[in-house]
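An overview of the molecular structure
The chain contents come next:
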Amino acid sequence: MKKQQKITIIADYKPDGANHFFDIDDLPFTAEAKCMVLEWFARKLWVLLEEGSDDPDYYCKMYDPLTIEGNIAHSYVFNFEDGGRHHPFSNLIQLEKMLMDEGIKTIQAMRKYKE
């Protein structure tokens, strides 16, 4: 059995009863953990878009909505307006915005199509 690697997720966090997490850099996580959060978010966004589309063949490659390596985001699901599989980004906030923008545009297009 492969030994699981432990990673540090929480940096220095003291909850105060309010949610102050407006973008990825607000999370009290390490850079590696923030990448995992964006990868998780991309998968959940894909599921929302697929379920909202009413199309059983919405996207065929669910297994890879987003993989982050350095400053390159690899995705078969999201185009990030360049249409390729490998998408450069300068920081995690930009990548978060790219995900949100594509999700919003896709939802808006679905709404117009259904009208």
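Scroll up for the structure.
Residues numbered from 1 in each chain as written. Predicted model: local features only at pLDDT ≥ 70, side-chain atom pairs only at ≥ 80, totals over all residues. Heavy atoms only, no water.

Remarks on the environment of Gly-103
- In this fold, Gly-103 is placed in helix H2 (residues 92-114).
- Among the residues examined, Gly-103 registers a relative accessible area of 2% and is labelled buried.
- For the pair Gly-103 and Phe-80, spaced 23 residues apart in sequence, the C-alpha to C-alpha distance is 9.9 Å.
- Once residues lying within four places of it in the same chain are set aside, the contact partners of Gly-103 are Leu-45 and Leu-49. (Helix = DSSP H or I, 4+ residues; strand = E, 2+ residues; numbered from the N terminus. Buried < 20%, exposed > 50% of the residue type's maximum accessible area, 1.4 Å probe, protein only. Contact = heavy atoms within 4.5 Å.)

Notes on the packing of aromatic side chains
- All chains considered together, the criterion is met by 1 aromatic pair.
- With a centroid separation of 6.0 Å and an interplanar angle of 20°, the aromatic rings of Phe-78 and Phe-80 are classed as stacked. Phe-80 shares its class with Phe-78; the two are buried.
- In this arrangement the basic side chain of Arg-85 is found over the ring face of Tyr-76, its NZ or CZ atom lying 4.2 Å from the centre. (Phe/Tyr/Trp six-rings, centres within 6.5 Å; stacked < 30°, edge-to-face > 60°. Lys NZ or Arg CZ within 6 Å of the ring centre and 35° of its normal.)

As for the environment of Phe-89
- For Phe-89, the position within the fold is in the loop between strand S3 (86-88) and H2.
- For Phe-89, a relative accessible area of 6% gives the class buried.
- Note: C-alpha distance between Phe-89 and Ile-72 (17 residues apart in sequence) is 6.2 Å.
- Leaving out residues up to four positions away in the same chain, Phe-89 has contacts with Ile-68, Gly-70, Asn-71, Ile-72, Ala-73, Gln-94, Leu-95 and Met-98.

A look at the environment of Val-77
- Of note, Val-77 is situated in the loop between strand S2 (72-74) and S3.
- Exposure remark for Val-77: the relative accessible area of 1% places this residue in the buried category.
- Residues Val-77 and Arg-43 lie 34 residues apart in sequence; the distance between their C-alpha atoms is 9.2 Å.

Points about the side chain of His-74
- Relative to the elements of secondary structure, His-74 occurs in strand S2.
- Taking relative accessible area as the criterion, His-74 reaches 11% and is therefore assigned buried.
- Beyond its immediate stretch of four places on either side in the chain, His-74 contacts Asp-64, Pro-65, Leu-66, Thr-67, Glu-69, Arg-85 and His-86.

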